[in-house]
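Working through the structure, step by step
Below, each chain spelled out in residue letters.
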Amino acid sequence: MNKLSAKELAILVSETQTLLGLYYHKDKWKSIFPTISLLSEKFDQFYESNPNAMQARLSFYLEKQGYTTNLVINQIIIVLCICHSLGINHVIRQQLISACLCQYICIQKENNAIASNQKISSQGLKLYKLHNTLTLKLMNYAQIPQGIIHTVFNNLTLYKQVILGKNHCALIDINTLIISISTLISKEITLAKNNKAKSLTAAISTLYINCEQSNVQTILKKLLSYLPCVMPGTKISTKPDCYHIGQFYKKDNIINLCFTIPETENSSKGRFSLTKDQTQLNRVQHICYDQGVIFKIWFEPLENITSKNELLIKETLSCKVPLDNIELLKSSLNAKNNHSVEELCELLNNYPYISHSLCLLASKANRTEQHIDSIRHAIMMLGANRTPLLILKIILELQLDALGIAQWFNLKNKVRSLVLACEQAAQEIYDFLPEEASLCILNYCYRVLAEKNNQIYTLSASKNDLNLDSPFLIETLLGIKNVSDHSTANIQNNMSKEWLEAIRALKKKSARDSISKPSNHLYCLGLALLCINKIYEPDYDFDAYANEFIAKAVKSLKLESIDKYLNTLLEQNFCNRIDVS
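The sections below set out a description of the structure shown in this document.

Rules behind the numbers
Residues numbered from 1 in each chain as written. Predicted model: local features only at pLDDT ≥ 70, side-chain atom pairs only at ≥ 80, totals over all residues. Heavy atoms only, no water. Axes fitted to C-alpha atoms, helices over the stretch in contact; angles between N-to-C directions. Helix = DSSP H or I, 4+ residues; strand = E, 2+ residues; numbered from the N terminus. Parallel < 35°, antiparallel > 145°, perpendicular 65-115°, else oblique. Left-handed = near helix turned anticlockwise from the far one by under 90°. Contact = heavy atoms within 4.5 Å. Core = buried A, V, L, I, M, F, W, Y, C linked by side-chain atoms within 4.5 Å. Buried < 20%, exposed > 50% of the residue type's maximum accessible area, 1.4 Å probe, protein only. Polar contact = N/O pair within 3.5 Å; in protein donor to acceptor, adjacent residues only side chain to side chain.

1. As for the packing of helix α5 (residues 90-103) against helix α9 (residues 148-163)
α9 packs onto α5 with a crossing angle of 50° between their chain directions and a minimal axis gap of 9 Å. As summarised for this structure, α5 and α9 are arranged oblique, according to the angle between their axes. Regarding α5 and α9, the two cross each other, and that crossing is right-handed. Between α5, through Ile92, Gln95, Leu96, Ser98, Ala99, Cys102 and Gln103, and α9, the contact on the second element is made entirely by Ile148, Ile149, Phe153 and Leu156.

Here you go:
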């Protein structure tokens, strides 16, 4: 994609306004969804290219474009912020943007009238109430294949009611959840005569306080931690007008950049300057007519000033993971069995994120509570033989996040719980390091989840559809069925013989086949799986077969008792890792 310019962003806003008026011209219906697909891709790519400029849209109300256009653009930016905070991939992001563009397409005029406190006809009011149904009919007319958008509009009304406490239901579809949250927040922040607008922070905080759904609260916390303290485009002062541009690094110091326009002048006479910290500043949207402030200053003028003063933008916290050349690091680690501290330090030179993660692990493991910020010190604390395993574990966790699948939001805590349980089960034996068990789990989960042909069910699936009633299976925990031969082959290529045999033995246990010589690898995985599946699915009742396995596993793994094992998990803050929503 070519470099984004102010002109292209202005065209995108104009094209969005044009799209929202196409419903009233039936001869143009066939062009609606191709246009939506194109605009969805543009919004996503523009945000990737210049998030600062796109986030600034949340600070400006473009009066010429009207209420609905502003509302839709606000919702799209909020959706993109949520998706990036959760690490959702571009394919899902663009489908969610399409849902935003569809949401008000059948009621643009009615929505504008209501926002302006104008009276609308009974027919218009009926259209407004049934707009989700109308959108689905329009999609069917255009022969749009069943997918995310259909699911969203079939459930959107119910989800919004549940979030607002007006109904009760399990909110299990992450895509509908994102659209519901963005719908509610965008309505709160968009200027309208029938609603007193709130700042973005206030809107998110109010929804967090009033909503009792833990998964909604989790998304809102992720969103707040992702967003900058002060939104780009925030109007800091008037007479003269001063706009917050963003935070930048000047060498090792963080500075705030603003753009000030002299009184009675326009943005062509404005200048960039440093400003004091504005961390407590939260303002509502403001009407802006100056096209230079709305579009131009965020591109070439800003690039010139940052280049001239050697300023680096302080990037918004993101779940986009640094996986460049990660395979090179993995192959270097696997090239030999033992690495010296010096070799490991050298290998990690180009991987600051992984180095930082290791320092955090070492700090937590340090009984003196000393903060460790030296990678060399961290490796010596963790051990040169254990560090490569921890690095591989961090890489797999990053790769799982980078898959960007919507279901990962619900599965992540389950996998973490299973990893913790496996490591705890291996604490008293010397057959292998606890991290080897967690690597087996993460590797298996990654290879299966990465396979597009595998089907992942949601909490709404019935037991009859699943045919996964064995707590010995990792698939039961993940909700995966129809594991393809291709993904199984990938697992075989990325796992040691001992752990591969343990995985195969678990499948035998699920089928009640006998195993001649059970290994501690099997007991470690099996005990953890039985316990975690039981926690997430209380309906599972262990029969004599499962109880016999647990008894043998506890003895072979040299654990004191199954109760002591579970209590140890609880002491390690295990409960907080489980999201039962």
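2. Quick word on unusual backbone geometry
The peptide bond linking lysine 239 to proline 240 adopts the cis configuration, its omega dihedral lying at 0°. Although it is not a glycine, asparagine 117 sits at a positive phi angle of roughly 60°. Mapped onto the fold, asparagine 117 is located in the loop between α6 (108-115) and α7 (122-129). In this model, lysine 558 sits at a positive phi of 60°, which is unusual for a non-glycine residue. With respect to the element layout, lysine 558 can be found in the loop between α27 (544-556) and α28 (562-571).

3. Re the nonpolar core
Judged by nonpolar contacts, the single largest core of 102 residues is most densely connected at Ile181 and Ile185. At 13 residues, helix α4 (residues 67-86) tops the list of elements feeding residues into this core. With near-sequence residues (within four places) excluded, isoleucine 181 lies in contact with Ile82, Ile163, Leu207, Val216, Ile219 and Leu220. Counting 81 residues, the second largest nonpolar core, distinct from the first, contains Leu400, Ala425, Ile429 and Ala546.

4. Examining the side chain of glutamine 94
Turning to its location among the elements, glutamine 94 is positioned in helix α5. Among the polar contacts listed, one links the side chain of glutamine 94 to the side chain of aspartate 44, at a separation of 3.1 Å. Non-local contacts of glutamine 94, meaning those with residues more than four positions away in its chain, are made with Ser40, Glu41 and Asp44.

Keep in mind that these numbers describe shape and distance, not what the molecule does.
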